[in-house]
Each structure stands twice: as C-alpha cells, then as structure tokens.
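Residue-level listing of the chains:
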Amino acid sequence: MGLLDGALGGALGSVLGGGNSGNLQGMLGSLLGQLGGAQGGTQGSNAQVMLTSAMAMLQQHGGLEGIVEKFRANGLGSVVDSWVGTGANAPVTGAQVTQVLGDSAVQDVATKLGIDPAQASGGLASMLPELVNQLTPNGHIPANSSDLLTQGLAMLKAHLGS
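Residues numbered from 1 in each chain as written. Predicted model: local features only at pLDDT ≥ 70, side-chain atom pairs only at ≥ 80, totals over all residues. Heavy atoms only, no water.

Before going further, it helps to examine the overall build of the protein. Assigned secondary structure in the protein consists of 9 helices and 0 strands. Counting helices and strands in the order they occur from the N terminus, the protein gives α-α-α-α-α-α-α-α-α. Put simply, the protein has 162 residues, and 48% of those count as buried. Considering only contacts in the protein between residues 6 or more positions apart, those separated by 24 or more positions represent 66%. (Helix = DSSP H or I, 4+ residues; strand = E, 2+ residues; numbered from the N terminus. Buried < 20%, exposed > 50% of the residue type's maximum accessible area, 1.4 Å probe, protein only. Contact = heavy atoms within 4.5 Å.)

Now the structure itself:
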C-alpha cells in the first residue's frame, strides 16, 4: 500500500496546501487497514474499491457540503458535525448510512464489491467519519473540497486500473 499511500497522499496534500500529505497517507492507511486493505489480494483490493466508492459517493451527493446537508436533513447533524469539527468523530451505523444515502447507493457499492448491502453499509459507516474528518482540516470544509475529491478519486481509480 505504500505506493498508493504516497501518491494519493502527495496529490491530496498538494490540493490541501502541502502540509497535510503525511496525515492523508496515515488516513488512507488507517481506512484501508480497517477494511483489510493493508493486506494484499482480494481483501486489499476490496478496501481500495470501498474507499473509491466512498469518495465517488461524496461527489455524487454534492461533495462534502452535500453529504453534510444530507446527514443533517436526516437528523444526524450532530454526528456529521463531529466529523467536520476538530473533536472526536461520533460513530454512525450502517443503517444510518443507508437511511442517508439510500438503498440504491449502498446496493451499488455492494455490487461493485460482491458483498451484501449490510456489509457495504457497515464498511461505509466505518470509513465515512474518518474520510470526512481528514478532508475537512481545521474543522471546516475547504473551499477547494471539490478539487480534492476529484483528484483523490482520479488517483484511486488510476491505481485500481478502472
């Protein structure tokens, strides 16, 4: 995973202003590790696909601003605000992720990974808090968050060959 971490972390760090490359590399390693991505083979590939899917979902739902609004509109404002803020991230359940994103979005991720929707929503629930947290430095959504998602997603897709 070192090559992916380094390349993606460098690109995302440059979009964020250069100083956060190490943090983003750590974030990627942590997120991928949670889903088995630190290992090789299918499990590592699935973790990379899950991260790619999570970032694509952020884009499809209006970027960071859009996803934050969706969580707020579904009664989870304090949860998503904790991800954006500088304190501890509040947890979210797979059922809550499905409630916010919709069954079809979760089913799409499940289909890409060849897993059931409950596993997909659980993976997204474990990944989204830290992903949003790392993409919102200093407790706010950066003005260039759309660029950040686009570049990060492009690099992940290039790494996966898709």
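The next point concerns the pattern of salt bridges. One pass over the full model with this rule turns up 2 salt bridges. Across the pair Glu69 and Arg72 runs a salt bridge, and its minimum N-O distance is 3.2 Å. Here Arg72 and Glu69 lie together in helix H4 (residues 63–73), a separation of 3 residues that amounts to about one turn. Within this structure, Glu69, Arg72 and Asp81 form a network of salt bridges that share partners. (Salt bridge = Lys/Arg side-chain N within 4 Å of Asp/Glu carboxyl O.)

Here we take up the packing of H4 against helix H5 (residues 77–84). Two measures define how a pair of helices packs: the angle their axes make with one another and the distance between the axes. Where H4 contacts H5, the axes come no closer than 7 Å and their chain directions differ by 150 degrees. Compared by their axis directions, H4 and H5 come out roughly antiparallel. Across the interface between the two elements, Val68, Phe71 and Arg72 of H4 pack against Gly77, Val80, Asp81, Trp83 and Val84 of H5. For the contact of H4 with H5, the per-class residue count stands at 5 nonpolar, 1 polar and 2 charged. (Axes fitted to C-alpha atoms, helices over the stretch in contact; angles between N-to-C directions. Parallel < 35°, antiparallel > 145°, perpendicular 65-115°, else oblique. Nonpolar A, V, L, I, M, F, W, Y, C, P; charged D, E, K, R; others polar.)

Once that is clear, we can look at helix H7 (residues 103–113). Taken residue by residue, H7 has Ala105, Val106, Val109, Ala110 and Leu113 as its buried positions. The buried residues of H7 all sit within an arc of 140 degrees when viewed along its axis, so they share a single face. Projecting away from the buried face of H7 at angles above 90 degrees are the exposed residues Asp103, Ser104, Thr111 and Lys112. (Arc of directions from axis to C-beta.)

Remark: the centre distance and the inter-plane angle together describe each pair of aromatic rings, the angle taken between the planes. Following the criterion strictly, the structure yields 1 aromatic pair and no others. Residues Phe71 and Trp83 carry aromatic rings whose centres are separated by 5.0 Å and whose planes lie at 65 degrees to one another, so their mutual orientation is edge-to-face. Residue Phe71 is located in helix H4, and its partner Trp83 is located in helix H5; the two are separated by 12 residues in the primary sequence. Classification of Phe71 as buried rests on a relative accessible area of 0%. (Phe/Tyr/Trp six-rings, centres within 6.5 Å; stacked < 30°, edge-to-face > 60°.)

What follows deals with H4. Taken together, the buried positions of H4 are occupied by Gly63, Leu64, Gly66, Ile67, Val68 and Phe71. Phi for Gly75, located one or two positions after H4, is positive at around 80 degrees.

Of all hydrophobic cores here, the largest spans 37 residues; its most connected members are Leu58, Phe71, Trp83, Leu101, Leu124 and Leu128. Secondary structure elements with two or more residues in this core: helix H3 (41–60), H4, H5, helix H6 (94–101), H7, helix H8 (117–135) and helix H9 (145–160). (Core = buried A, V, L, I, M, F, W, Y, C linked by side-chain atoms within 4.5 Å.)

Right, let's talk about the side chain of Ser53 for a bit. With respect to the element layout, Ser53 can be found in helix H3. For Ser53, a relative accessible area of 6% gives the class buried.

Another point: the confidence of the model for the protein. For the protein, per-residue confidence averages 76 on the pLDDT scale, and residues scoring 70 or more make up 67% of the total. Low pLDDT (under 50) marks residues 1–25, which in the prediction has 49 contacts with non-local residues, meaning those over four places away or in another chain. With pLDDT under 50 throughout, residues 38–42 is counted as low confidence; its partners more than four residues away or in other chains account for 4 contacts. (pLDDT = per-residue confidence, 0-100.)

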